[in-house]
Amino acid sequence: MILLNGPSSSGKSAIGKAMLPLLDDPWFFLPVDAFSGLRSTNHRRLLTDAESAAMLQRTRRAYHRAVAVLAAEDNHVIMDYPLSEPWRLADLLDVLSPYDVTLVHVTCDPAELARRELARGDRPIGLATSQRVYAHADHDLTVDTTTASPESCAAHIVHNLFQPAPKAFTRLRNRL
Ligand SMILES: Nc1ncnc2c1ncn2[C@@H]1O[C@H](COP(=O)(O)OP(=O)(O)OP(=O)(O)O)[C@@H](O)[C@H]1O
């Protein structure tokens with residue numbers, strides 16, 4: 001399993017898509033946005049803020065478990081998911097404990113993040129630079145997309161996929 005962690009607009013989705021043709025075997029690319037996109041946005045009752053927050057957390061916890069179910073059937077999965085709240089990592093360390101995870105930190109200069117965000121027009125302005133990805137100073141690989149293309153970042157990840165144990169998830173779990 002590969003987890004692409006980085007702020008909004010850092011290029012996680014572009015890298016994930018660019019990786020697929022470079023990999024030897026079939027992989028699932030399952031961005032959290034695709035999973036959340038399965039949930040209706042058009043419904044009759046207006047949720048309170050607390051209900052909305054609970055719903056988002058339920059969705060994310062379910063995403064963690066959906067990925068684990070795919071892995072339990074020996075499927076390879078690329079996650080595109082910002083670890084922007086500490087509980088997300090804590091939950092993943094638990095749920096994904098049976099599986100090999102390569103944690104990739106996707107980074108980008110804040111000015112370039114802001115430029116991309118404005119150009120996209122479909123993300124709240126300021127999300128990318130305000131989003132604190134829980135970088136926790138440990139990961140298996142880093143790619144900086146400020147000037148590198150998604151294709152070159154994807155190639156770097158694929159060529160360095162086999163990292164010596166213990167990998168970041170194991171080290172992080174041992175620190176708990
Ligand atoms: N390496 C890159 N160089 C230049 N532009 C890029 C690069 N990677 C992505 N972009 C552009 O930045 C925007 C966001 O890319 P992408 O959707 O891959 O980011 P993301 O990290 O998955 O964002 P989000 O978490 O908000 O879904 C897109 O318009 C994309 O074309």
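Calculation notes
- Numbering of residues starts from 1 in each chain and follows the order in which that chain's sequence is written.
- Owing to the predicted nature of the model, reporting of local features is limited to residues with pLDDT of at least 70; listing and counting of side-chain atom pairs is limited to 80 or more, with chain, interface and lining totals taken over all residues.
- For the side-chain quantities, the full set of heavy atoms in the structure was used; hydrogens and water were omitted.
- Secondary structure counts use DSSP, requiring at least four H or I residues in a row for a helix and at least two E residues in a row for a strand, with both numbered from the N terminus.
- Buried means the residue's accessible area, taken with a 1.4 Å probe over protein chains only, is under 20% of the maximum for its type, while exposed means over 50%, and partly exposed covers the values in between.
- The directions from the helix axis to the C-beta atoms form the arc being described.
- Any pair of residues with heavy atoms lying within 4.5 Å of one another is described as a contacting pair.
- Distance and chemistry together define a polar contact, namely a pair of N or O atoms within 3.5 Å, with one atom able to donate a hydrogen and the other to accept it when in protein, and with adjacent residues in sequence counting only for side-chain atoms on both sides.
- Nearness is judged by heavy atoms alone; a residue qualifies as near a molecule or strand once a single heavy atom is within 4 Å of it.
- Areas reported here follow the Shrake-Rupley algorithm with a probe of radius 1.4 Å; residue values treat only the protein chains shown as occluding.
- The pocket and cavity definitions rest on a 1 Å grid over protein atoms only: a 1.4 Å probe that fits but cannot leave marks a cavity, an open set with protein on both sides within 12 Å along at least five of seven lines marks a pocket, and residues lining either have an atom within 4 Å of a point.
- Any molecule with more than half of its atoms within 2 Å of a cavity's or pocket's grid points is counted as sitting in it.
- UniProt positions are given in the numbering used here, feature names are shortened, and annotations may be inferred rather than shown by experiment.

Caption draft 1: Broad picture of unusual backbone geometry. Pro-166 follows Ala-165 through a cis peptide bond whose omega is 0°. Mapped onto the elements, Pro-166 comes out in the loop between helix H7 (150–159) and helix H8 (168–175). Although it is not a glycine, Asp-74 sits at a positive phi angle of roughly 65°.

Caption draft 2: Structural view of helix H5 (residues 110–120). Within H5, burial applies to Glu-112, Leu-113, Arg-116 and Glu-117. One side of H5 holds all its buried residues, which, seen down the axis, span an arc of 140°. What points out from H5, more than 90 degrees from its buried face, is the exposed set Ala-111, Leu-118 and Ala-119. At its buried positions, H5 is contacted by helix H6 (127–130). One side-chain oxygen of the residue at the start of H5 lies 3.1 Å from the amide nitrogen of Ala-111, identifying that residue as Asp-109.

Caption draft 3: Fine view of the site of the ligand. By nearness alone, 17 residues border the ligand, and Ser-8, Lys-12, Ser-13, Arg-123 and Ala-148 come closest of all. The backbone of Gly-11 places a nitrogen or oxygen atom 3.0 Å from an oxygen atom of the ligand. Between Arg-116 and the ligand, the recorded distance is 3.4 Å, taken from a side-chain N or O atom to a nitrogen atom. Isolated, the ligand exposes 630 Å² of accessible area, and the fraction of that covered by the protein chains is 75%. Taking a 2 Å distance to the grid points as the criterion, the majority of the atoms of the ligand fall inside the largest pocket. Looking at the shell around the ligand, the elements with two or more residues in it are helix H1 (12–19) and H5. Here the shell around the ligand gets three residues from one element, more than from any other, and that element is H1.

Caption draft 4: A look at the UniProt feature "binding site: ATP" (unreviewed entry) in the protein chain. UniProt annotation of "binding site: ATP" (unreviewed entry) refers to Gly-6, Pro-7, Ser-8, Ser-9, Ser-10, Gly-11, Lys-12 and Ser-13 when read in the numbering used here. The subset of the named residues that lines the largest pocket consists of Ser-8, Ser-9, Ser-10, Gly-11, Lys-12 and Ser-13. When you line up the elements, Gly-6 lands in the loop between strand E1 (2–5) and H1. Overall, the relative accessible area of 0% leaves Gly-6 in the buried class.

Caption draft 5: Fine view of the UniProt feature "active site" (unreviewed entry) in the protein chain. Listed under "active site" (unreviewed entry) in the UniProt record, and renumbered for this structure, are Asp-33. The topology assignment puts Asp-33 in helix H2 (residues 32–36).

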